[in-house]
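Overview (structure and organization)
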Amino acid sequence: MDDIGVRATVPSTLAVLDISSETPARARRIADRFMRGLIPPPAPETASAVELVISELITNAVRHAGGTSCSITLSVRPEGIEVAVTDDSPVPPSERVPDFSGAKGGFGWRMVCRLARSVTVDAGAQGKTIRVLMAR
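Since this is a predicted model, take the numbers as computed values, not measurements. (Residues numbered from 1 in each chain as written. Predicted model: local features only at pLDDT ≥ 70, side-chain atom pairs only at ≥ 80, totals over all residues. Heavy atoms only, no water.)

Buried within helix H3 (residues 108-115) are the following residues: Gly108, Trp109 and Val112. Angular distribution of buried residues about the axis of H3 spans 95 degrees; they occupy a single face of the element. Elements in contact with the buried residues of H3: helix H2 (44-64), strand E5 (118-124) and strand E6 (127-134). (Buried < 20%, exposed > 50% of the residue type's maximum accessible area, 1.4 Å probe, protein only. Helix = DSSP H or I, 4+ residues; strand = E, 2+ residues; numbered from the N terminus. Arc of directions from axis to C-beta. Contact = heavy atoms within 4.5 Å.)

Here is the structure:
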């Protein structure tokens, strides 16, 4: 376990993060460290896309889930890189009308779905896990 709470088991990383305004930045650092540890390393645009998806999913967990923590799991799969974010809310994400004034967002879920090869949401009484498969 290191200074940002990462437990690495190659080829995957699991981190449980306390919810705060710093959580998305911590998640991006975890993703960056994970991606830099892959051999061969992913292309820069792949690494950026993975970080962007993680940032969006964690930001949504911070803003909307209402819990005290969330978790992120990054895994290498034969077909790509899997990002899984778990939070305490059973409510699945939904596509919203984008707010072009910048006040209410509405771009994130659409962006996640477009960047991903596949997206699944497993929701239950204890919360949900969003799994996103990204091209390597």
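Moving on from the coordinates now.
A separate point is the environment of Ala116. With respect to the secondary-structure elements, Ala116 resides in the loop between H3 and E5. Expressed as a C-alpha distance, the spacing of Ala116 and Met134, which sit 18 residues apart in the sequence, is 5.0 Å. Excluding residues that lie within four positions of it along the chain, Ala116 makes contacts with Val132, Leu133 and Met134.

This next bit is on the confidence of the model for the protein. Summing up the model confidence of the protein, the mean pLDDT is 85 and the portion of residues at 70 or higher is 84%. Note on residues 5-9: pLDDT under 50 across the span, and 14 contacts to partners over four residues away in sequence or across chains. (pLDDT = per-residue confidence, 0-100.)

Should the charged atoms of two oppositely charged side chains come close, the side chains can pair. This model, assessed by the stated rule, comprises 5 salt bridges. The salt bridge partner of Lys128 is Asp87, with a shortest N-O separation of 2.9 Å. Taken as a pair, Lys128 in strand E6 and Asp87 in strand E4 (residues 80-87) lie far apart in primary sequence, 41 residues in all. Each member of the pair, Lys128 together with Asp87, is buried. (Salt bridge = Lys/Arg side-chain N within 4 Å of Asp/Glu carboxyl O.)

This part is about the nonpolar core. Core analysis: the largest hydrophobic core is formed by 28 residues, its most contacted members being Ile54, Leu57, Ile72, Leu74, Val83 and Val132. Among the elements of the structure, strand E2 (12-18), helix H1 (23-36), H2, strand E3 (69-77), E4, H3 and E6 are those that each provide at least two residues to this core. Sort the elements by how many residues they give to this core and H2 lands first, with 8 residues. When residues no more than four places from it in sequence are discounted, the contact partners of Ile72 are Thr13, Leu14, Ala15, Leu17, Ile54, Ile58, Ala84 and Val85. (Core = buried A, V, L, I, M, F, W, Y, C linked by side-chain atoms within 4.5 Å.)

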